[in-house]
Amino acid sequence: MARIAALIVLLIPGVIAAYGIKLMRDMFFGIQASWMPALWLQFVAGLIMFIIGIGFIGGFLLHRDRKNNKVQKRFQKEK
């Protein structure tokens, strides 16, 4: 059950990051989302969504690996 919960926790930020990539890609092709007032704002929103999604996934994996002592010395928490 814990693995399913962890999968769901990682799936949501992954979907957010993927939608951010889609928004940025659409801006380059000139396709504006109906809920966005400007293309540049669409790109900025997509970039923010991408950074938040990838950052959450990276932080989650780093926290899990620190807990299991599977990181290099430079990534370990100082006591």
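Everything here concerns the structure above.
Residues numbered from 1 in each chain as written. Predicted model: local features only at pLDDT ≥ 70, side-chain atom pairs only at ≥ 80, totals over all residues. Heavy atoms only, no water.

### Here we look at the overall build of the chain
Here is the rule we go by: Every helix listed is a DSSP run of H or I at least four residues long, and every strand listed is a run of E at least two residues long, numbered separately from the N terminus. This radius of gyration counts C-alpha atoms alone. The globule rule is 2.2 Å times how many residues there are, raised to the power 0.38. Only protein chains enter the accessibility calculation, which uses a 1.4 Å probe; a residue whose area is less than 20% of its type maximum is buried, one above 50% is exposed, and one in between is partly exposed. Contacts: residue pairs with any heavy atoms within 4.5 Å of one another. Here the Shrake-Rupley method, with its probe set to 1.4 Å, supplies the accessible areas, and only the displayed protein chains count as covering residues.
A count of helical and extended segments in the chain gives two helices and zero strands. The C-alpha radius of gyration computed for the chain amounts to 17 Å, which surpasses the reference 12 Å derived for 79 residues by more than 25%, pointing to a less compact arrangement than a globule. Each of the three principal axes of the chain carries a C-alpha extent, and together these read 50 × 30 × 15 Å. Counting every position in the chain, which comprises 79 residues, the buried fraction comes to 19%. Contacts in the chain between residues far apart in sequence, at least 24 positions, make up 44% of those at least 6 positions apart. Split by element, the accessible area of the chain, about 6400 Å² in all, is 69% carbon and sulfur.

### Details of the layout of surface pockets
Operational definition: Residues are said to line a cavity or pocket when one of their atoms sits within 4 Å of a point; the points come from a 1 Å grid over protein atoms alone, cavities being sets where a 1.4 Å probe fits but cannot get out and pockets being open sets with protein on both sides within 12 Å along at least five of seven lines. Grid points are joined across faces, edges and corners, and a volume is the space filled by probe spheres set on the points. By the convention adopted, Pro, Cys, Tyr, Trp, Phe, Met, Ile, Leu, Val and Ala count as nonpolar, Lys, Arg, Asp and Glu as charged, and the other residues, Gly among them, as polar.
By volume, the largest pocket is sized at about 180 Å³. Lining the largest pocket are His63, Arg66, Lys67, Asn69, Val71, Gln76, Lys77 and Lys79. Here the second largest pocket is characterised by a volume of approximately 150 Å³. For the lining of the second largest pocket, the secondary-structure elements that each account for two or more residues are helix 1 (2–28) and helix 2 (39–67). Residues belonging to the lining of the second largest pocket are distributed by class as follows: four nonpolar, two polar and two charged.

### Remarks on unusual backbone geometry
Phi angles above zero are rare outside glycine, and asparagine 69 is one such case at about 55°. As for its placement among the helices and strands, asparagine 69 is situated in the segment after helix 2.

### Description of helix 1
Short version of the rule: By this rule the span expected of a helix is its residue count minus one, scaled by 1.5 Å.
A rise of 1.5 Å per residue sets the reference length of helix 1, with its 27 residues, at 39 Å; its end C-alpha atoms lie 40 Å apart and thus fit the reference within 8%. All of the buried residues in helix 1 are Pro13, Ala17, Gly20, Leu23, Met24, Asp26 and Met27. For helix 1, the elements touching its buried residues are helix 2. A positive backbone phi angle near 80° is found at glycine 30, which sits one or two residues after helix 1.

### Focus on helix 2
Taking 1.5 Å per residue, 29 residues should reach 42 Å; helix 2 reaches 42 Å between its end C-alpha atoms and fits that length. Looking only at helix 2, the buried set comprises Gln42, Ala45, Gly46 and Gly53. On its buried face, helix 2 sits against helix 1. The first or second residue beyond helix 2 is asparagine 69, which carries a positive phi of 55°.

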